Amino acid sequence: MGAKGLLGGALAYSGVTSVMRKPARAEGVARGLLAPEPVKIDWKKYHWGFVCDDDKCIGCGRCVVACKNENNVPWEPEYNRTWVERYVIDEEGEFFVDSPNAGRDGFAADYMNVKYQALDIRKSFFVPKLCNQCDNPPCVKVCPVGATYMTDDGVVLVDHGHCIGCRYCIQACPYGARFMLPRGHESHFGVDRVIDKCNWCYHRIHRGLLPACVQACPVEARLFGDLRDPESVVSRITREKRVYTLKPDLGTDPKVFYLGFEKGVH
Amino acid sequence: MFVGLQVVPAPAALEELGFHTSNPEVNAEEWASLPAQHVGSAVCVNCHEDKYTMWGRSNHQTVSCETCHGPGAAHVETGAPPVVAESSRELCALCHAALVSRPGNFPQVDMEEMGNGAECIKCHDPHEPRAGMPTQVPHELEGRSNCQSCHRPHEPWESTPPIPPHPVEGRENCLECHGPDELRGATLPRVPHSLEGRSECLLCHNAEGIKPPPADHAGRRTTSCLNCHRTEQD
């Protein structure tokens, strides 16, 4: 899969694609999309990174929906691998932060905007959020059974077969990225009441695809790539532009880099 | 009975104490082997070439097919119908309803006023939303109120701005069609009747019918009438 798949993924991402004349199903199978298959990963080859652009996000929420569909995340708004927050700053400089249904239904409905009608709004913007796949992850540190770990390509995964559901990692994560699958909602590994979280669509990135939220975003507010590849969009942005991370004072070394800094975003 | 005191130095990670450490290599491969639900727009072209081509040239080319239509893996595999939104107003509003939190340069409309409550797709093909609409002025209007001072049909110019492809007589106010929403249609004849049941303007307003459109409207489609001609309720 390796470089060819990644190149294919990069081409598809840039909008330039070769029009393949095979029937769609064969192509789906050829891309490994339609049936699970054991995938040999060369995980030492990559070091993944993610960029969220607060200046571009329009709060449509399609990323949240795509993630739920891609990763079997419960549809209820309490369970999210990714979500979108809205920051509203009034003329006095006071912050209002909300995330109605975690952004799953967008922010356009009347009932979500009534409360801000009386405000004198100075500025307002959206901040997409997801697991930061920290390079110094507190969640990995506290797991008593070693069920969560970091891969060599920089993604923090949870082994559902070993997770005992103690939720210590949920407490340890300062970003609220982890959640417990509710009773009755089993993961792909056949267990419920274990911890789940965003894994940057690990099954997609190793097939040369983009995470579902990145593909779904209509305005390129979410970007993904290999930080080891100097030509990838995330490498170029982190090298050339001014990026910030969330809660840097906690020393978690997040790998989600934000553009469009505003003092007070947390 | 005695109490034994045991001091355990804290390890770097608690897993070093446990007996249940998972096997990362195996588990990571299991995660990587899950099937993908979204196939990507490049797969859709195999069956939907016409829509794909249209979409690929349009303003919506940065919006992947599955962003609106939902995950395509089941559709590709079994022919299960993909998601097509029930109400275009609700789906289009997710992105295009005017919200103060959205970037200023992103195309947004006041959903209450736009289109008289009609479905967005009545005028806008979602695969080519600007089809049939007059070209937008690609520059700011500040300091440029007299369009004809630059767009003069007969004077040569180094980097000539586009010459209007239609006669300019009787159309001195270019902004009536090409301007921002507030100015468009300001002095043009308004639609004096309700639009209910009358979505096909050209059914009645054709060369043989009621109030035929003037000759310079040749080649225009029904989808563009309402872009300039407001109703009396506006």
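**What about the overall build of chain A?**
Part 1 of the reasoning: Counting its secondary structure elements, chain A contains 9 helices and 10 strands.
Part 2 of the reasoning: The buried share of chain A, reckoned over its 266 residues, is 45%.
Part 3 of the reasoning: Taking all contacts inside chain A whose residues are at least 6 apart in sequence as the whole, residues at least 24 apart take part in 64%.

**Observations regarding the overall build of chain B**
Part 1 of the reasoning: Across its full length, chain B holds 9 helices and 0 strands.
Part 2 of the reasoning: When the helices and strands of chain B are listed from N to C terminus, the series reads α-α-α-α-α-α-α-α-α.
Part 3 of the reasoning: Considering only contacts within chain B whose residues lie at least 6 apart along the sequence, 58% involve residues at least 24 apart.

**Quick look at unusual backbone geometry**
Residues and elements named next belong to chain A.
Part 1 of the reasoning: A positive phi angle is found at A102, which is not glycine, with a value near 60°.
Part 2 of the reasoning: Relative to the elements of secondary structure, A102 occurs in the loop between β3 (95–98) and α4 (110–113).
Part 3 of the reasoning: A positive phi angle, near 45°, is found at Q133, a position not held by glycine.
Part 4 of the reasoning: Tracing the backbone through its elements, the reader meets Q133 in the loop between β4 (121–130) and α5 (138–142).
Part 5 of the reasoning: Assessed through the 26 C-beta atoms surrounding it within 10 Å, Q133 is described here as buried.

**Here we look at the sheet that holds strand β1 (residues 48–53) of chain A**
Residues and elements named next belong to chain A.
Part 1 of the reasoning: Taken in spatial order, the 3 strands make up an open sheet running β9-β1-β10, and their pairing is mixed. What marks the edges here is a single partner per strand, and that holds for β9 (222–226) and β10 (256–259). The sheet shows a mean angle of 20° between the axes of neighbouring strands, direction not considered.
Part 2 of the reasoning: Where β1 and β9 come together, 5 bridges link them in antiparallel fashion. Looking at the pairing, W48 lines up with D226 of β9.
Part 3 of the reasoning: Taken strand by strand, helix α9 (residues 233–240) contacts β1, β9 and β10, and its axis lies near 100° from that of β9.

**Some thoughts on the confidence of the model for chain B**
Part 1 of the reasoning: Mean pLDDT over chain B stands at 77; residues scoring 70 or higher make up 69%.
Part 2 of the reasoning: Complex prediction metrics read pTM 0.73 and ipTM 0.82.

**Some thoughts on helix α3 (residues 62–71) of chain A**
Part 1 of the reasoning: Counting buried residues along α3(A), 9 of its 10 residues qualify, which places the element largely inside the surrounding structure.
Part 2 of the reasoning: Within the sequence span of α3(A), burial applies to A:R62, A:C63, A:V64, A:V65, A:A66, A:C67, A:K68, A:E70 and A:N71.
Part 3 of the reasoning: Packed against the buried residues of α3(A) are β2 (82–90), β4, α8 (212–216) and β9 of chain A together with α4 (65–69) of chain B.
Part 4 of the reasoning: A:N72 lies just past α3(A) and shows a positive phi near 55°.

**Quick word on the pairing of β1(A)**
Looking down a regular strand, the side chains alternate between one sheet face and the other.
Part 1 of the reasoning: For β1(A), a buried count of 6 out of 6 residues is recorded, marking the element as mostly surrounded by other parts of the structure.
Part 2 of the reasoning: With burial as the criterion, each face of β1(A) is covered, one bearing A:W48, A:F50 and A:C52 and the other bearing A:G49, A:V51 and A:D53.

**Details of the environment of B:C177**
Part 1 of the reasoning: Considering the arrangement of structural elements, one finds B:C177 in helix α7 (residues 175–178).
Part 2 of the reasoning: Along the sequence, B:C177 and B:C204 sit 27 residues apart, while their C-alpha atoms lie 22 Å from each other.

**Concerning the sheet that holds β2(A)**
Residues and elements named next belong to chain A.
Part 1 of the reasoning: An order of β3-β2-β4 is seen for the 3 strands of this open sheet, with the pairing classed as antiparallel. A strand with exactly one partner marks an edge of an open sheet, and here the two such strands are β3 and β4. Each adjacent strand pair in this sheet contributes to an overall mean axis angle of 20°, direction not counted.
Part 2 of the reasoning: By the bridge criterion, 9 bridges tie β2 to β4 in an arrangement that is antiparallel. Across the sheet, residue E85 finds its bridge partner in β4, namely V127.
Part 3 of the reasoning: Across the sheet, α3 is in contact with β2 and β4; its angle to β2 comes to roughly 160°.

**Some remarks on the nonpolar core**
Part 1 of the reasoning: In terms of nonpolar packing, the biggest core is built from 83 residues, with A:L157, A:W200, A:Y202 and A:C213 touching the most fellow members.
Part 2 of the reasoning: The residues touching A:C213, leaving out its near neighbours within four places in the chain, are A:C63, A:A66, A:C67, A:T82 and A:R222.

**Quick notes on the confidence of the model for chain A**
Part 1 of the reasoning: Taken as a whole, chain A shows an average pLDDT of 87; of its residues, 85% reach a score of 70 or greater.
Part 2 of the reasoning: Low pLDDT, under 50, characterises residues 1–25 of chain A; the predicted model gives this stretch 31 contacts beyond four residues in sequence or across chains.

Quick notes on the rules
Residues numbered from 1 in each chain as written. Chains lettered and ligands numbered in written order. Predicted model: local features only at pLDDT ≥ 70, side-chain atom pairs only at ≥ 80, totals over all residues. Helix = DSSP H or I, 4+ residues; strand = E, 2+ residues; numbered from the N terminus. Buried ≥ 20, exposed ≤ 12 C-beta atoms within 10 Å, placed from the backbone. Contact = placed C-beta atoms within 7 Å. Pairing = 2+ DSSP bridges. Axes fitted to C-alpha atoms, helices over the stretch in contact; angles between N-to-C directions. pLDDT = per-residue confidence, 0-100. Core = buried A, V, L, I, M, F, W, Y, C linked by C-beta atoms within 7 Å.

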